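Summary of structural features
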Amino acid sequence: MYELIVLIVLVIGIVLVTARWKISPLLALLGAAIIAAFAYGVPMEEVVTTIGGAFGSTIGNIGLVILVGTMLGAILERSGAAIAMADFLVRVLGPRFPNLTMSLVGYIVSIPVFCDSGYVILNSLRKAITVRTGVSHIATAIALMTGLYATHTLVPPTPGPLAAAENVGISHNLGFLILVGLPVAMVAAMAGLLYAQRFSKSTLPLLEPTSESDLDNKTYEELRASYGKLPSAAASFFPIVLPLVLIMLSSIAKLPAQPFGDSIVTEIIIFLGTPLIALILGLASAVLLMRGKGKLERFNAQISEAVTVSGPIIFITGAGAAFGAVLGGSRLTDFLADGLSSLGLGLLVPFLVAAALKTAQGSSTVSLVTTSAMMAPLLPSMGLGSDLVMVLTVLAIGAGAMVVSHANDSFFWVVSQLSRIPVGTAYRTLTVASGIEGLAAFIVVWILGAVLL
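Cut-offs applied
All chains use their own residue numbering, which begins from 1 and follows the written sequence. Only residues with pLDDT of at least 70 get local features here, since the model is predicted, and only at 80 or more are side-chain atom pairs given and counted; chain-wide, interface and lining totals rely on the full set of residues. Here the side-chain values reflect all heavy atoms present in the structure, with hydrogen atoms and water set aside. Only DSSP runs of H or I with at least four residues qualify as helices, and only runs of E with at least two residues qualify as strands; both kinds are numbered from the N terminus onward. We call two residues in contact when some of their heavy atoms are within 4.5 Å. Only the protein chains shown count as cover for residues, and all accessible areas are computed by the Shrake-Rupley method using a 1.4 Å probe. Throughout, the protein atoms alone are placed on a 1 Å grid, and a set of points is a cavity if a 1.4 Å probe fits but cannot get out or a pocket if it is open with protein on both sides within 12 Å along at least five of seven lines; lining residues have an atom within 4 Å of a point. Grid points are joined across faces, edges and corners, and a volume is the space filled by probe spheres set on the points. Three residue categories are used. Nonpolar comprises Ala, Val, Leu, Ile, Met, Phe, Trp, Tyr, Cys and Pro, charged comprises Asp, Glu, Lys and Arg, and polar comprises the others, including Gly. For this analysis, a polar contact is any N or O atom pair within 3.5 Å, provided that within protein one partner can donate a hydrogen and the other can accept it, and provided that sequence-adjacent residues contribute only side-chain to side-chain pairs. Pairing of aromatic side chains here covers Phe, Tyr and the six-membered ring of Trp, requires ring centres within 6.5 Å, and sorts the geometry by plane angle: under 30 degrees stacked, over 60 edge-to-face, intermediate tilted. For every residue, the pLDDT score states the predictor's confidence, bounded by 0 at the bottom and 100 at the top. Here the term patch refers to residues with relative accessible area over 30% and no salt bridge, with like charges joined within 9 Å and nonpolar side chains (Val, Leu, Ile, Met, Phe, Trp, Tyr) within 5 Å. Salt bridge, as used here, is a side-chain nitrogen of Lys or Arg placed within 4 Å of a carboxyl oxygen of Asp or Glu. The positive count covers Lys and Arg only, the negative count covers Asp and Glu only, and His and the chain ends enter neither. Every charge is mapped onto a representative atom, which is NZ of Lys, CZ of Arg, CG of Asp or CD of Glu. Relative accessibility decides the category of a residue: with a 1.4 Å probe and only protein chains considered, values under 20% of the type maximum give buried, values over 50% give exposed, and everything between is partly exposed. The bend reported for a residue corresponds to the angle between axes fitted to the seven residues ending at that residue and the seven starting there. Residue count minus one, scaled by 1.5 Å, sets the expected span of a helix. Starting at the helix axis, one direction is taken to each C-beta atom, and the arc is that of these directions. Inter-axis angles, ranging from 0 to 180 degrees, are taken between N-to-C directions of lines fitted to C-alpha atoms, where helices are fitted over the stretch in contact. Small angles under 35 degrees read as roughly parallel and large ones over 145 as roughly antiparallel, with 65 to 115 read as roughly perpendicular and the rest as oblique.

With respect to the overall build of the chain
Along the chain, the regular secondary structure elements total 20 helices and zero strands. For the chain, restricting intrachain contacts to residue pairs at least 6 apart in sequence, the fraction spanning at least 24 positions comes to 82%. Taken as a whole, the chain presents about 18,000 Å² of accessible surface, with 70% of it coming from carbon and sulfur.

What follows is the structure, given as structure tokens:
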């Protein structure tokens with residue numbers, strides 16, 4: 001019980017110092033990580049290495065992706081490509097459904113792509129659609145976030161569910177998992193969409209824009225006119241579609257069946273589909289959208305702005321990972337797992353364990369991998385041994401891995417900082433949204449289990 005009380009106090013402390021007293025999230029998270037290390041009895045010689053290792057590793061893994069993705073977004077915004085894409089999607093889906101547009105785009109994109117990278121790639125499109133339709137930035141942020149989150153935790157070949165399938169023993173039947181996971185993820189995304197609709201006309205204040213040229217400083221008509229002739233929709237989408245296709249092909253190439261064979265071609269596909277390499281290629285293609293005199297000067301200015309914008313996001317993300325690493329390496333995870341796995345609650349057990357681990361240490365992928373490894377030896381004794389039940393178990397774990405996104409989750413900070421949502425508002429909107437869609441996903445899994453088992 002002591003472990004749980006410490007966690008609750010730390011989370012409340014982070015909320016207070018960031019939302020009420022306006023302390024930098026970077027300092028709040030690093031402070032919480034240090035306090036948690038001593039509270040959970042982490043040896044003093046391991047405190048600095050644990051925090052520094054997680055901080056550096058996370059920045060190394062996602063930092064350059066955020067930076068290059070922000071550069072790509074800056075060029076798409078300033079070249080008018082984001083406006084051209086928004087026009088196209090609104091023509092296809094109609095101006096009445098901007099939240100649905102973002103939810104569906106996120107749902108598709110996050111099947112092969114980490115949700116953090118997906119949000120970075122799609123944020124400029126989200127802002128353009130928001131301005132084009134006049135809907136609240138908070139609503140479109142929630143819709144995109146929940147659309148990305150749904151397939152990120154429930155549908156292979158995203159690494160989390162793929163690893164969970166391997167641990168549980170259903171990797172030989174990934175097609176079955178994908179077949180069941182897609183509709184479950186759709187229900188989760190639609191639950192998030194319904195919640196996002198509540199904020200369509202929200203007047204909740206946002207943080208100040210990082211530059212005077214930010215999209216939401218102008219009306220859509222003023223913004224569109226300022227670009228003159230816009231690039232074509234095909235040319236505008238290409239810098240986004242290219243990295244997404246490359247990442248998807250890389251994920252397919254990594255499947256156990258080796259659909260592209262065991263050759264140099266497979267190695268090239270995997271290399272080009274690395275998120276960083278794919279985004280660099282997307283950035284290179286986006287540069288071709290820049291026209292007129294002074295292209296080099298404008299390019300340098302946009303890159304400098306992207307560095308300024310992405311810096312705080314990268315460091316806050318690293319600090320959140322450090323906090324999560326301390327919690328994940330403490331006896332808190334054993335306490336939560338032991339306390340929940342012995343209650344005999346069927347599919348509810350993997351869901352609750354995953355939700356507890358997710359809430360405690362922040363990473364959905366870590367929650368998926370850890371819970372599935374923990375559940376694997378327990379499944380036979382719990383009566384969860386057939387292929388169908390193993391699929392439902394992976395999906396129950398994936399649903400739990402969404403509950404809930406808060407201060408120690410890098411995705412929480414990526415969404416809130418890129419969307420300029422104040423921390424206090426993010427807790428009341430983004431965190432609640434992740435809880436709602438996780439619960440919705442589990443309800444569907446539970447109903448499937450009740451009907452089919």
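Observations concerning the layout of surface pockets
Each pocket or cavity is described by its volume, and for the largest pocket that value is around 680 Å³. Around the largest pocket sit 31 residues that line it, and Thr58, Phe114, Asp116, Ser363 and Ser410 are the ones nearest its centre. When residues of the lining of the largest pocket are traced back to their parent elements, those giving at least two are helix 3 (44-78), helix 6 (115-133), helix 7 (137-154), helix 13 (275-287), helix 14 (295-328), helix 16 (348-361), helix 17 (364-375) and helix 19 (410-418). Residues that form the lining of the largest pocket fall into these classes: twelve nonpolar, 16 polar and three charged.

Regarding the side chain of Ser410
Position of Ser410 among the secondary structure elements: in helix 19. Reaching out from Ser410, the side chain makes a polar contact with the side chain of Asp116 at a distance of 2.8 Å. In this view, Ser410 contacts Asp116 and Thr317; residues no more than four positions away in its chain are not counted.

Examining the packing of aromatic side chains
Enumeration over the complete set of coordinates arrives at eight aromatic pairs. Measuring from centroid to centroid gives 5.5 Å for Phe88 and Phe237, while their planes differ by 75 degrees, and the two rings are edge-to-face. Placement of the pair is Phe88 in helix 4 (residues 81-93) and Phe237 in helix 11 (residues 233-253), with a sequence separation of 149 residues. Ring centres 6.4 Å apart and planes at 80 degrees place the aromatic pair Tyr119 and Phe411 in the edge-to-face group.

Topic: the confidence of the model for the chain
For the chain, per-residue confidence averages 82 on the pLDDT scale, and 89% of positions sit at 70 or higher. Mean pLDDT values over the elements of the chain span from 62, in helix 15 (residues 332-341), up to 94, in helix 7. Per-residue pLDDT stays below 50 along residues 212-216; that stretch engages in 18 contacts with residues further than four places along the chain or on separate chains.

A few points about a positive patch on the surface
On the surface, a cluster of positive charge is contributed by Lys229, Arg291, Lys295 and Arg298. Residue Lys229 is classed as exposed on the basis of its relative accessible area, which comes to 73%.

Notes on the pattern of salt bridges
Enumeration according to the criterion identifies one salt bridge in this entry. Here Asp409 makes a salt bridge to Lys358, at a shortest N to O gap of 2.8 Å. Here Lys358 lies in helix 16 and Asp409 lies in the loop between helix 18 (387-400) and helix 19, a separation of 51 residues in the sequence. This pair shows no difference in class: Asp409 is buried, exactly as Lys358 is.

So, helix 6
Counting along an α-helix, one turn takes 3.6 residues, and residues three or four places apart therefore face a common direction. Along helix 6, the sharpest change in direction is near 45 degrees and occurs at Leu122. Across the 19 residues of helix 6, 17 count as buried, placing the element largely inside the fold. Just downstream of helix 6 lies Gly134, where phi reads positive at about 80 degrees.

Side note on unusual backbone geometry
Residue Val404 is bonded to the preceding Val403 through a cis peptide linkage, with omega at -15 degrees. Take Val404: it is sitting in the loop between helix 18 and helix 19. In this structure, Arg420 takes a positive phi of about 60 degrees despite not being glycine. Turning to its location among the elements, Arg420 is positioned in the loop between helix 19 and helix 20 (423-452).

Considerations on a nonpolar patch on the surface
On the surface, a nonpolar cluster with roughly 580 Å² of combined accessible area is contributed by Ile8, Ile12, Leu16, Trp21, Ile23 and Leu27. Looking at the secondary structure, you find Ile8 in helix 1 (residues 2-20).

Quick look at helix 13
Look at helix 13: 18 Å from first C-alpha to last across 13 residues, which is about the 18 Å you get at 1.5 Å a residue. Taken together, the buried positions of helix 13 are Ala278, Leu279, Gly282, Leu283, Ser285 and Ala286. Seen along its axis, helix 13 keeps its buried residues to an arc of 165 degrees; they face one direction. Buried residues belonging to helix 13 abut helix 3, helix 6, helix 11 and helix 12 (264-272).

Examining the packing of helix 4 against helix 11
The contact between helix 4 and helix 11 brings their axes to 8 Å, and the two run at 110 degrees. With respect to helix 11, the element helix 4 is oriented roughly perpendicular. Counting all contacts with helix 4, which are made through Ala81, Ala84, Met85, Phe88 and Leu89, the residues of helix 11 involved are Ala233, Ser236, Phe237 and Ile240. Broken down by class, the residue content of the contact of helix 4 with helix 11 amounts to eight nonpolar, one polar and no charged.

Notes on the environment of Pro156
Of note, Pro156 is situated in the loop between helix 7 and helix 8 (159-168). Separated by 15 residues in sequence, Pro156 and Ser171 place their C-alpha atoms 9.9 Å apart. In this structure, Pro156 is in contact with Ile111, Pro161, Leu162, Leu174, Leu177 and Ile178, ignoring residues within four places of it in sequence.

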